[in-house]
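# Results of the structural survey
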Amino acid sequence: MDLSDVRFLKAAREEAASIVQFQLAMAKESEDLVLDPTVCAAGVNAVFERPQLGEYHVCQVKVDGRFKTVGNLLIIPEWSDWRNGMVWWIHSVYILPEYRGRGLFSAFYRHIQKTVQDSSTLRGLRLYVDKTNLHAQKVYQKIGMSNAHYDLYEWIKESKN
Ligand SMILES: CC(C)(COP(=O)(O)OP(=O)(O)OC[C@H]1O[C@@H](n2cnc3c(N)ncnc32)[C@H](O)[C@@H]1OP(=O)(O)O)[C@@H](O)C(=O)NCCC(=O)NCCS
């Protein structure tokens, strides 16, 4: 794909509905989870209402002269006392199926990585991936990320719904 027809930018509030659709599709595809659309919409909107939570970034491709949003990711900042700076967690990575395998996510990642590289306060990037999502794991290895350092542990409260 000609990357001059691609742009990456911080998501505008008007994109919340597309982002919700991307999240529902991503949860189903990557973890076989059916998310509650109302809960997910509230979760996405919360990011736009409370910017301290994080920020969505979108990948847009020019189609018939107009930019179309074809993917997104969510940046969640985490303070690192060891490094006296922020580490950005990359969440909710999704590229529409028909736009995959053209280097869009690689370019998206490089764009985010450059922001961190050029910043005096950002220290690095982290993400976690479902153990069964072998495709995404291969992609993350291919773009130069490493899983050699940490294992992730979690406890998530049962949903009352
Ligand atoms: C994972 C995902 C974001 C990748 O997006 P993409 O735009 O297709 O990725 P790219 O085309 O940029 O590929 C990235 C690199 O991985 C390589 N790659 C892609 N699929 C691969 C595979 N199955 N095995 C090995 N390498 C692979 C590509 O060749 C490319 O390397 P290159 O730049 O050296 O050519 C996309 O498949 C997706 O949205 N998946 C569903 C949601 C998901 O699983 N999200 C992750 C949750 S943690």
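Described below are features of the structure shown in this document. No experiment lies behind these values; they were computed from the predicted model shown. (Residues numbered from 1 in each chain as written. Predicted model: local features only at pLDDT ≥ 70, side-chain atom pairs only at ≥ 80, totals over all residues.)

## Focus on the overall build of the protein
Worth spelling out the cut-off: Secondary structure follows DSSP: runs of H or I at least 4 residues long count as helices, runs of E at least 2 residues long count as strands, and numbering of each begins at the N terminus. Note that the radius of gyration is over C-alpha atoms, with the globule rule given as 2.2 Å times the number of residues to the power 0.38. Exposed residues have 12 or fewer other C-beta atoms within 10 Å of their own C-beta, buried residues have 20 or more, and partly exposed residues fall in between, where C-beta atoms are placed from the backbone.
Helix and strand content of the protein: 4 helices and 5 strands. A globule of 161 residues ought to have a C-alpha radius of gyration of about 15 Å, and the protein, at 16 Å, matches this closely. Taken along the three principal axes of its C-alpha coordinates, the protein extends 45 × 40 × 35 Å. Sorting the 161 residues of the protein into buried and exposed places 17% on the buried side.

## Overview of the sheet that holds strand β1 (residues 6-10)
Note the threshold: Any two strands with at least two DSSP-identified bridges between them are counted as paired. Note on method: axes are straight lines fitted to C-alpha atoms, helices fitted across the in-contact stretch only, with angles between N-to-C directions ranging 0 to 180 degrees.
Pairing within the open sheet is mixed, and its 5 strands lie in the order β1-β2-β3-β4-β5. Two strands close off the open sheet at either side, each with one partner strand: β1 and β5 (122-126). Going across the sheet, the axis of each strand differs from the next one's by a mean of 30°, ignoring polarity.

## Topic: the packing of helix α1 (residues 16-31) against helix α2 (residues 37-49)
Geometry of a packed helix pair, given as the angle between the helix axes and the separation of the axes. Stated formally: Roughly parallel means an angle under 35 degrees; roughly antiparallel means over 145; roughly perpendicular covers 65 to 115; every other angle is labelled oblique. Handedness of a helix crossing follows the sense of rotation of the near helix relative to the far helix, less than a right angle counterclockwise being left-handed and clockwise being right-handed. The contact rule is simple: place each C-beta atom from the backbone, and if two of them lie within 7 Å, those residues are in contact. The nonpolar class holds Ala, Val, Leu, Ile, Met, Phe, Trp, Tyr, Cys and Pro. Asp, Glu, Lys and Arg form the charged class, and all remaining residues, Gly among them, are polar.
Their axes nearest at 9 Å, the elements α1 and α2 cross at an angle of 130°. Relative to α2, α1 is oriented oblique. Classified by chirality, the crossing of α2 by α1 is right-handed. Each of A16, I19, V20, Q23 and L24 in α1 lies in contact with α2, whose residues at this interface are P37, C40, A41, V44, N45 and F48. Looking at the contact of α1 with α2 residue by residue, the classes come out as 9 nonpolar, 2 polar and no charged.

## So, the site of the ligand
As a reminder of what qualifies: Any residue qualifies as near a molecule or strand once its backbone-derived C-beta atom lies within 6 Å of it.
Neighbouring the ligand are 21 residues, the closest being R100, F105, S106, K138 and K142. At the level of secondary structure, the elements contributing two or more residues to the shell around the ligand comprise α1, β4 (85-95), α3 (104-118) and α4 (134-142). A per-element tally of the shell around the ligand places α4 first, with 5 residues. Of the residues contributing to the shell around the ligand, the split by class is 10 nonpolar, 6 polar and 5 charged.

## Topic: the nonpolar core
What counts, and what does not: The term nonpolar core refers to a set of buried Ala, Val, Leu, Ile, Met, Phe, Trp, Tyr and Cys residues connected through C-beta atoms within 7 Å.
Counting 23 residues, the largest nonpolar core has Y56, C59, L73, I95, L104, F105 and F108 as the members making the most contacts within it. Sorting the residues of this core by element identifies α1, α2, β2 (55-63), β3 (66-80), β4 and α3 as the ones contributing at least two each. No other element matches the 5 residues that β4 contributes to this core. Leaving out residues up to four positions away in the same chain, I95 has contacts with C59, V70, G71, R100, L104 and F105.

## Here's the deal with unusual backbone geometry
Its identity as a non-glycine residue notwithstanding, D32 has a phi of 55°, on the positive side. Assignment of secondary structure puts D32 in the loop between α1 and α2. Here D64, not a glycine, exhibits a phi torsion of approximately 50°, which is positive. On the secondary structure map, D64 appears in the loop between β2 and β3. For D64, a count of 5 C-beta atoms within 10 Å translates into the label exposed.

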